[in-house]
Amino acid sequence: MKTIRMEIAAVALALGACVFAAVSIAADGKPAASTSTSAASPIYGVTIPKGYREWQLIAPALESEPLNELRVVLGNKTAVDAYRKGVLPFPDGTVLTKLAWKHVQSPDFEPALVPGAATTVQVMVKDSAKYAATGGWGFGRFVDGKPVDIAQHQTCFACHAARVKDRDYVFTRLAP
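Residues numbered from 1 in each chain as written. Predicted model: local features only at pLDDT ≥ 70, side-chain atom pairs only at ≥ 80, totals over all residues. Heavy atoms only, no water.

A. Molecular detail of the pairing of strand β3 (residues 95-105). As defined by bridge partners, strand β2 (residues 69-75) adjoins β3 across 7 bridges and the pair is classed as antiparallel. From the neighbouring strand, L70 faces β3, where its bridge partner is W101. Pairing geometry for β3 and strand β4 (residues 113-126), over 10 bridges, is antiparallel. Counted as the bridge partner of L99 is V121 from β4. (Pairing = 2+ DSSP bridges. Helix = DSSP H or I, 4+ residues; strand = E, 2+ residues; numbered from the N terminus.)

Structure below.
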């Protein structure tokens, strides 16, 4: 079982460098300005950041039932610097992006689980003034590049506040 977990972790780490969709790259790693209101999340107005697939890996995760997903969290330079220095709360300008895929058995190596169908891209943007009512964080959840409905976005902050308020509302810890 330990070997399988190590293999899953290795696969998940590699996911941080994988490209499953075309995105434009911004050198500054800041959230992209939305070209239309339909690309922004309801409530928060968060968009999928340009160039996020070029960011550094924060940590992988393997989600069991009912999600059955491989996930990786990537962070922009501000996020990575804060993690490495142990800075809490995270500074304004921090952006975290979570990519998720259903996991499937590898056709090439039986004990390994690998990415299957992409499920979501989730984004957290730290702006203490703009998102003061939600701990300084704005949230976005996207399926096929489009934001999900307002009902799903209404659950974001409550879940983070209930579980990880003491870590500035961030679930993901930097992988060793």
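B. Molecular detail of the packing of aromatic side chains. Scanning the entire structure with this criterion turns up 5 aromatic pairs. Considering the side-chain rings of Y44 and F139, the 5.3 Å spacing of their centres and the 70° angle between planes classify their relative orientation as edge-to-face. Of the two residues, Y44 is situated in the loop between α1 (2-15) and β1 (56-63) and F139 in strand β5 (residues 137-143); the sequence distance between them amounts to 95 residues. For the residue pair Y44 and F139, the accessibility class agrees, reading buried in each case. (Phe/Tyr/Trp six-rings, centres within 6.5 Å; stacked < 30°, edge-to-face > 60°. Buried < 20%, exposed > 50% of the residue type's maximum accessible area, 1.4 Å probe, protein only.)

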